[in-house]
Amino acid sequence: MTKLDELETKGCCVIKGLFDETVIRESIAVTNRALKEISADHREDNKSQGSLVPMAEYPGYSKIIAYPKLIETLEKEFNFTDVRFSSGYLISKPPKSPPLFWHQDWWGWGHPLSYKPFIAQIAVFVYLTETTVENGCLKYIPGSHRQKHHFHNAQNAHGEDLAKVKNPSDPLFGKLADEEQVMVKLGDAVICDARLMHASNANRSASERSSLTLWYHPNWSEQPDSFKAIVRKLYDREDDNTSDTDAGGLSLDQWPKKDHERIQHLIPLVDKDAAREPWNRTPNF
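The shown structure was predicted, so the numbers you read here are calculated from the model rather than taken from an experiment.

Trainee: Could you give me a rundown of the pairing of strand 10 (residues 209–217), with the residues and numbers involved?
Mentor: Counting buried positions along strand 10 gives nine out of nine residues, so the element sits mostly inside the fold. Of the pairings in the sheet, the one linking strand 3 (residues 84–93) to strand 10 comprises nine bridges and is antiparallel in character. When the bridges of strand 10 are listed, Lys93 appears paired with Arg209. Where strand 5 (residues 122–127) lies against strand 10, six bridges are found, and the strand directions are antiparallel. Bridge pairing in strand 10 places Phe125 opposite Thr213.

Here it is, written out as structure tokens:
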């Protein structure tokens, strides 16, 4: 089975040893600085995630966003063309922290294309340490990107109560018989369809478990204009109260010249008059 077959069938795959030591080491340095700058309130508001820091605030991440071997792998191993980038997050679980709730991240469920094999958005998860069940590795439900799962009916996914872990007994924090664990080494890349139902285990270790979530949009020329308009909004971090993702703050277009030039080929260009897809995180299988 090829990596593309695995991604299409299971919704997730691992590319081993994709990132070299230098870019990982530089990303860890940026991450360590970012973690020192977040507040206790931020940690408490994002207790389940650990942190939810927009990578756009840290131009030093430009090297890993535009890492040539990653883009080349997406093109050659997955047959993705004209890949674009929208946003990314530092999600870092401190020691002895709770699990990340079950959720999926796709926002275009009102469009018929979302129920077809076409992959409009992928996450590339880059873990900045080796991951195990003990320290909070990723887990997912194979095939949940293309078929109904009972968690799709959850009304509180992505809500404040889950982020703050107000009810640790909520089923969205639980273990499932069909979940699959993803344990990786430093330098591995985890690639997931944005529609995939996923979570992470609690970090029961004595060390921080940091990761980067990078959002890419393959086959840009084949994407509906309404999707492109949303992606551009996410890239610009535009605040219009129509979505539940971060807005405001530093845009990638405001990065220093050398960092902006590094990611220039990944900028999601779109017709300025294109109407946005209505924001919809709830599938209707």
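Trainee: Outline unusual backbone geometry, listing residues and values.
Mentor: The residue Asn79 is not glycine, and still its phi comes out positive at about 60°. Classification of Asn79 as exposed rests on a relative accessible area of 54%. Residue Asp82 is not a glycine yet carries a positive backbone phi of 30°.

Trainee: Before we move on, can you summarise the pattern of salt bridges with the specific residues and values?
Mentor: The final tally for this structure, using the stated rule, is 24 salt bridges. With its nearest N and O atoms 3.6 Å apart, the salt bridge here joins Arg25 to Glu21. One end of the pair, Arg25, and the other, Glu21, are both in helix 2 (residues 21–37), four residues apart, so they sit about a helical turn from each other. A salt bridge links Glu26 to Lys63, with the shortest nitrogen-to-oxygen separation between them at 3.3 Å. You can see Glu26 sitting in helix 2 and its partner Lys63 sitting in helix 4 (residues 62–65), a full 37 residues away along the chain. Taking the relative accessible area as the measure of exposure, Glu26 reaches 30% and is therefore partly exposed. A single network of salt bridges, built from pairs that share partners, joins Asp45, Glu160, Asp161, Lys164 and Lys166.

Trainee: Please set out the nonpolar core residue by residue, giving values where relevant.
Mentor: Formed by 45 residues in total, the largest nonpolar core has its most connected members in Phe19, Ile65, Leu70 and Tyr216. It is helix 2 that provides the largest number of residues to this core, a total of five residues. Excluding anything up to four places from it in sequence, Leu70 contacts Leu18, Phe19, Ile64, Ile65, Val124, Leu214 and Tyr216. Residues Trp107, Ala194, Phe227 and Leu234 belong to the second largest nonpolar core, which totals 28 residues.

Trainee: Provide a residue-level description of the sheet that holds strand 7 (residues 180–182), including the pertinent values.
Mentor: With antiparallel pairing, four strands are arranged side by side in an open sheet as 4-9-6-7. Of all strands in the sheet, those bounded by a partner on one side alone are strand 4 (100–103) and strand 7. Direction aside, neighbouring strands of the sheet carry axes that sit 25° apart on average. Where strand 6 (residues 138–140) and strand 9 (residues 198–200) come together, three bridges link them in antiparallel fashion. Bridge pairing in strand 9 links Tyr140 to His198.

Trainee: Tell me about the side chain of Ser62, residues and numbers included.
Mentor: Counting through the fold element by element, Ser62 comes out in helix 4. By relative accessible area, which is 0% here, Ser62 ends up buried. Setting aside residues up to four positions removed in sequence, Ser62 forms contacts with Trp255, Asp259, Arg262 and Ile263.

Trainee: Could you give an account of the sheet that holds strand 2 (residues 53–54), with specific residues and numbers?
Mentor: Strand order in this open sheet of six strands is 1-8-5-10-3-2, and the pairing throughout is antiparallel. Both outer strands of the open sheet, strand 1 (12–15) and strand 2, are each paired with one neighbouring strand and no more. Here helix 5 (residues 68–76) sits on the sheet in contact with strand 1, strand 5, strand 8 (189–193) and strand 10, set at roughly 50° to strand 10. The sheet contacts of helix 7 (residues 225–236) involve strand 3 and strand 10, and relative to strand 3 the element is tilted by about 50°.

Trainee: Could you give an account of helix 5, with specific residues and numbers?
Mentor: Residues three or four positions apart in an α-helix share a direction because the helix packs 3.6 residues into each turn. Buried within helix 5 we find Leu70, Ile71, Thr73 and Leu74. Summarising the axial view, the buried residues of helix 5 lie within an arc of 160°, below the 170-degree limit, and thus occupy one face. Facing away from the buried side of helix 5 by more than 90 degrees, the exposed set consists of Pro68 and Lys76. Residues of helix 5 that are buried sit in contact with strand 1, helix 4, strand 5, strand 8 and strand 10.

Trainee: How would you summarise the side chain of Asp105 if you had to cite specific residues and measurements?
Mentor: Positionally, Asp105 belongs in the loop between strand 4 and strand 5. Put simply, Asp105 is tucked away with no salt bridge, and the nearest opposite charge, on Arg281, sits 4.1 Å away. A distance of 3.5 Å separates a polar atom in the side chain of Asp105 from a polar atom in the side chain of His103.

Conventions used here
- Along each chain, numbering runs from 1 in the same order as the chain's sequence is written.
- Where totals are concerned, whole chains, interfaces and linings use all residues; where local detail is concerned, this predicted model gives features only for residues with pLDDT of at least 70, and gives and counts side-chain atom pairs only at 80 or more.
- With hydrogens and water set aside, each side-chain value is computed from the structure's full complement of heavy atoms.
- Partly exposed describes any residue whose relative accessible area lies between the buried limit of under 20% and the exposed limit of over 50%, with all areas from a 1.4 Å probe on protein chains only and scaled to the type maximum.
- For helices the rule is a DSSP run of H or I covering at least 4 residues; for strands it is a run of E covering at least 2, with both sets numbered from the N terminus onward.
- At least two DSSP bridges between two strands are required for those strands to pair.
- Any Lys or Arg side-chain nitrogen found within 4 Å of a carboxyl oxygen on Asp or Glu counts as a salt bridge.
- Joining through side-chain atoms within 4.5 Å is the link that ties buried Ala, Val, Leu, Ile, Met, Phe, Trp, Tyr and Cys residues into a set, and such a set is a nonpolar core.
- We call two residues in contact whenever any of their non-hydrogen atoms come within 4.5 Å of each other.
- For helices, the axis comes from a line fit to the C-alpha atoms of the stretch in contact; other axes are also lines fit to C-alpha atoms, and the angle between any two N-to-C directions lies between 0 and 180 degrees.
- The arc refers to the directions leading from the helix axis to the C-beta atoms.
- For the charge count, each Lys or Arg is scored as positive and each Asp or Glu as negative, with His and the chain ends excluded.
- Here a polar contact is taken to be a pair of N or O atoms separated by no more than 3.5 Å, where protein atoms must pair a possible hydrogen donor with a possible acceptor and residues adjacent in sequence count only if both atoms sit in side chains.

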